[in-house]
Amino acid sequence: MLNEHIPDWETVPEALRKREQWVCWRAVDTDDSADGIWLTPIDPATGERATFDDEMTWGSFEDAYTAATTSEMDVNGLAFYPTREDPFTGVVLGSCRDPKTGDLDDWAQTVIETLDSYTEIVSGGQSIRIIVAGQPPSWTSRPINICDAEFHIPITGEQLSSTSATITERTAALRAVYKAWKGATDPAEAAATLSAVDIQEFGGLPSESGVDVDLSDTTVIERAQYGPAGDVFRRLWTGSSAGYASQTEADVAFCSQLAYWTGGDGEQMEQLVRQSDRHRARWVRLVSEDTLYDERTIEQALELVDDYHDPQSEPGRL
């Protein structure tokens, strides 16, 4: 039996409440899930099924809350839909908590402390959900489930004691959790890795220090498209590897251009790759025990670039 409930208004982080990405959910019996229950997203305006690819089936937090608490709509709770444009990622730690005592498995406690963001109790008190601001390298599954867009995230508002009530930016920590989990055979091993490393160094992306270009993603794309090598950039941006011996070589060439326009900012380079057609599953796979393909590619690009864009030198600027 589900004990998830409609959260109290004030227990839901404001960062989520102010977004119009809310739906209700209804529990449906099924044989396709581990606990025999499927949470179906429901449009708070119509009571029909909501979907991740149709924002017209979403509403504001107030819409969903009102539909769940005052209407005749048959729903069991509220859920939030992350999108590719917002920073939110949900991390669920499965079957890690004793619902009677509240005791957490050691590995789960390590992940909670590492991510240090809004944390709530879910799944009958047996699991934990953490919501962070930050893009994950990729999705994972059991016992650590990491997901962002295309999944609705049920929100209980039942905050875990002694944890943050707000959503914080944790990209490096999120990458560290992902890397530790993907390289481990069990949660205890992953937790041991997290405890032994410098999280910022382990989860951070390579970058070139001391170069401050400070352009928005949109501006970088516009200037790169029409810059001296704009025709090459446009081909690489659309996923083409024409003229290169391999996709890997094309990826390094693409990142070299991004390095020039961003001043060697590894995090911005990663964000831009995600927006391009070069982004694919390979981009975030492990290529060694503790290195992801994106890290290696960005590092190789930075080794090739020793000159960076200077916005102050553009025509018309004083």
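Above this text is the structure in question.
Keep in mind that what you see is a predicted model, and the values were worked out from it rather than measured. (Residues numbered from 1 in each chain as written. Predicted model: local features only at pLDDT ≥ 70, side-chain atom pairs only at ≥ 80, totals over all residues. Heavy atoms only, no water.)

**Digging into the sheet that holds strand 7 (residues 144–147)**
Phase 1: As summarised here, the arrangement of the four strands in space is 5-6-4-7, forming an open sheet in which the pairing is antiparallel. Of all the strands in the sheet, the pair left with one neighbour each is strand 5 (118–122) and strand 7. Direction aside, neighbouring strands of the sheet carry axes that sit 20° apart on average.
Phase 2: Where strand 5 lies against strand 6 (residues 127–133), five bridges are found, and the strand directions are antiparallel. Within the sheet, the bridge partner assigned to Y118 lies in strand 6 and is I131.
Phase 3: Across the face of the sheet, helix 4 (residues 171–182) comes into contact with strand 4 (88–93), strand 6 and strand 7 while running at roughly 135° to strand 7. (Pairing = 2+ DSSP bridges. Helix = DSSP H or I, 4+ residues; strand = E, 2+ residues; numbered from the N terminus. Axes fitted to C-alpha atoms, helices over the stretch in contact; angles between N-to-C directions. Contact = heavy atoms within 4.5 Å.)

**Section: unusual backbone geometry**
A negative phi angle characterises most non-glycine residues, just as the trans form characterises most peptide bonds.
Phase 1: You will see that S95, though not glycine, has its phi angle at about 45°, which is positive.
Phase 2: The residue S95 is located in the loop between strand 4 and helix 3 (106–115) in this model.
Phase 3: Taking the relative accessible area as the measure of exposure, S95 reaches 58% and is therefore exposed. (Buried < 20%, exposed > 50% of the residue type's maximum accessible area, 1.4 Å probe, protein only.)

**Some details on the pattern of salt bridges**
Phase 1: A full pass over the atoms with the stated rule returns 11 salt bridges.
Phase 2: Of the charged contacts, one joins R84 and E150 as a salt bridge, the two residues approaching to 3.4 Å between their closest N and O atoms. Of this pair, R84 sits in the loop between strand 3 (77–80) and strand 4 while E150 sits in the loop between strand 7 and strand 8 (153–155); the two residues are 66 residues apart in sequence, bridging distant segments of the chain.
Phase 3: Judged by its relative accessible area of 48%, R84 falls in the partly exposed class.
Phase 4: Given the relative accessible area of 37%, E150 is considered partly exposed. (Salt bridge = Lys/Arg side-chain N within 4 Å of Asp/Glu carboxyl O.)

**Thoughts on helix 7 (residues 217–225)**
Phase 1: Where helix 7 is concerned, the buried positions are D217, V220, I221 and A224. Projected down its long axis, helix 7 shows its buried positions confined to an angular sector of 95°, all on one face.
Phase 2: Tucked inside the fold, the buried residues of helix 7 contact helix 8 (230–237), helix 9 (247–262) and helix 10 (266–275). (Arc of directions from axis to C-beta.)

**Some thoughts on the packing of helix 3 against helix 4**
Axes are the key here: two packed helices are described by the angle between their axes and the distance separating the axes.
Phase 1: One can describe the packing of helix 3 onto helix 4 by two numbers: an axis separation of 9 Å at closest approach and a directional angle of 155°. When the interaxial angle is binned, helix 3 and helix 4 end up roughly antiparallel. Taking contact as the criterion, the partners of V111, T114 and L115 in helix 3 are, on helix 4, A173, L174 and V177.
Phase 2: The class makeup of the residues in the contact of helix 3 with helix 4 is five nonpolar, one polar and no charged. (Parallel < 35°, antiparallel > 145°, perpendicular 65-115°, else oblique. Nonpolar A, V, L, I, M, F, W, Y, C, P; charged D, E, K, R; others polar.)

**Some details on the packing of helix 7 against helix 8**
Phase 1: For the pair helix 7 and helix 8, the least separation of the axes is 7 Å and the interaxial angle reads 125°. By the angle between their axes, helix 7 is oblique relative to helix 8. Listed contacts from helix 8 to I221, A224 and Q225 of helix 7 are G230, F233, R234 and W237.
Phase 2: Its residues assigned to classes, the contact of helix 7 with helix 8 comprises four nonpolar, two polar and one charged.

**Re a negative patch on the surface**
Phase 1: On the surface, D53, D54, E55 and E85 cluster together into a patch of negative charge.
Phase 2: As for its position among the elements, D54 is in the loop between strand 2 (37–42) and helix 2 (61–70).
Phase 3: Note on D54: relative accessible area 31%, which makes it partly exposed. (Patch = residues over 30% accessible without salt bridge, like charges linked within 9 Å, V, L, I, M, F, W, Y side chains within 5 Å. Areas by Shrake-Rupley, 256 points an atom, 1.4 Å probe, with all protein chains shown as cover. Lys, Arg positive; Asp, Glu negative; His and termini not counted. Charge placed at Lys NZ, Arg CZ, Asp CG, Glu CD.)

**Brief notes about the side chain of H152**
Phase 1: Mapped onto the elements of the fold, H152 is located in the loop between strand 7 and strand 8.
Phase 2: Side-chain polar atoms of H152 contact the backbone oxygen of L39, separated by 3.2 Å.
Phase 3: In this structure H152 touches L39, P41, A79, F80 and Y81, once residues within four positions along its chain are discounted. (Polar contact = N/O pair within 3.5 Å; in protein donor to acceptor, adjacent residues only side chain to side chain.)

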